Every structure is written in C-alpha cells, then in structure tokens.
Amino acid sequence: MSIEVKISKRKIPYKSAMNALHKRIQKIKSSNTNELIWILEHPLTYTAGIRSDKNEIIDKNVNVIKTNRGGKITLHNPGQKIIYFVLNLNKRKKDIRRLVNIIENSIIEFLSIYKIKSKKDKKNIGIWVNNKKIAAIGLRVSRWIAYHGCSINIKNNLDDYKRIIPCG
C-alpha cells in the first residue's frame, strides 16, 4: 500500500481539485494506483455538501458549488489548508467512524505541535478551540474508496464565514 503525498504551493480552483480527485478514484477502483494525500489551498469558494440546506446561505449573492461530500455548507479560502485524500478502505478496516476518529486525532496532534489545545465534540464532527471550530471534515465513500478530506483554518479571513451558516 503506497500513498502519494502532494503539496501544492499555488491556489487550486475547487473544481480542478475535484476533477483530479475523481480521476484518482477511478484509477484506484480499476487498478493498483497509489492512494493520495494532497495538501493545498483554494481561492475563495463556498461548497454545499449533500446535507446542506439553501437556508444556510445568509448572503444570497454567494455562489455555492454543490459537491458530493458529506456535510453541509462550508467555506474554503486562502490561508485555510485543505487536506484531500483518496484512500482505499478495501485494504484497511472498512470502518468510516474509525477513519473520522483517525482524522480528528491527527488534527489534534498537529495543532498540539504549535501549542494549540484543541478537542473533539461528541455531537459534531470536527475540531474545536475555545468552543470555535478550527477544522472541518467532509467525506464521501464509494465502493470503500474514501475521499474528500478536511480543512484547517490557519491564517484565513474568518469574516468570509459571515455570509453562510457554516456546517449548519
């Protein structure tokens, strides 16, 4: 099992990133292509997961891209790190809740390196600092191929969130 790690220094448009992820998914489903972890940033983009509701858009001028990931409406903008992955769970335990736990624990461990004390919330997926969400997770699983990923607010404009009700 080999995982390719990519780090993009330029901002990747959301639709371009999704096209690349879907190509990798198809290759993994049809052959023995490497899995993927991809760290990047997007230009200002709002996305709506499969559980989103149009009432979560406060500013009706916001352009929202519909996506097939789990979750609701969220924001991606410069300064926020996105970690996408394509993982073949057929080669691991087929346990989505375990995967979410691993992602959450990895984010907590990453933040602790920078002396940021964070925690999980038993009722909501994601990571929290002082009762404010710092990291969101949105996944999709098809034929036990898990993809999409997580986002961590590092040094981004949080005012952009005022135009939506993020994650419901």
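Our subject is the structure listed above.
Structure report, in brief. (Residues numbered from 1 in each chain as written. Predicted model: local features only at pLDDT ≥ 70, side-chain atom pairs only at ≥ 80, totals over all residues. Heavy atoms only, no water.)

### A short note on the state of the cysteines
One covalent bond between the sulfur atoms of two cysteine residues makes up a disulfide.
So, step 1. Considering all chains together, one arrives at zero disulfides under this definition.
So, step 2. In this structure Cys-150 is not part of a disulfide, and its nearest cysteine sulfur, from Cys-167, lies 12 Å away.
So, step 3. By relative accessible area, which is 33% here, Cys-167 ends up partly exposed. (Disulfide = S-S within 2.5 Å. Buried < 20%, exposed > 50% of the residue type's maximum accessible area, 1.4 Å probe, protein only.)

### Some points on helix H2 (residues 96–113)
So, step 1. Under the 1.5 Å per step criterion, the end-to-end length of H2 is 26 Å for 18 residues, consistent within 8% with the ideal 26 Å.
So, step 2. All of the buried residues in H2 are Leu-99, Val-100, Ile-103, Glu-104, Ile-107 and Leu-111. Buried residues of H2 fall within an arc of 135° about the axis and therefore sit on the same side. The outward face of H2, more than 90 degrees from its buried face, is lined by the exposed residues Glu-109 and Ile-113.
So, step 3. The N-terminus of H2 is capped by Asp-95, whose side-chain oxygen sits 3.2 Å from the backbone nitrogen of Arg-97.
So, step 4. Looking one or two residues past H2, Lys-115 carries a phi angle of roughly 60°, positive in sign. (Helix = DSSP H or I, 4+ residues; strand = E, 2+ residues; numbered from the N terminus. Expected span 1.5 Å × (residues − 1). Arc of directions from axis to C-beta. Polar contact = N/O pair within 3.5 Å; in protein donor to acceptor, adjacent residues only side chain to side chain.)

### Observations regarding the sheet that holds strand E3 (residues 45–48)
Within a sheet, each strand pairs with its neighbour through backbone hydrogen bonds, oriented either parallel or antiparallel.
So, step 1. Reading across the sheet, the three strands line up as E4-E3-E5 and stay open at both edges, with mixed pairing between neighbours. The open sheet terminates on both sides in strands that have one partner only, identified here as strand E4 (64–66) and strand E5 (73–76). Within the sheet, the average angular offset between the axes of one strand and its neighbour, ignoring direction, is 35°.
So, step 2. Bridge count between E3 and E5: four bridges; the pairing is antiparallel. By the bridge assignment, Thr-47 is partnered in E5 with Thr-74. (Pairing = 2+ DSSP bridges. Axes fitted to C-alpha atoms, helices over the stretch in contact; angles between N-to-C directions.)

### Quick notes on the sheet that holds strand E9 (residues 132–142)
So, step 1. Strand order in the open sheet formed by seven strands is E1-E2-E6-E10-E9-E8-E7, with mixed pairing between adjacent strands. In this open sheet, the two strands that pair with only one neighbour each are strand E1 (3–7) and strand E7 (119–120).
So, step 2. For E1 and strand E2 (residues 35–40), the ladder comprises five bridges, and the chain directions are parallel. Paired with Ile-3 across the two strands is Glu-35, which belongs to E2.

So yeah, pure geometry; function would need other evidence.
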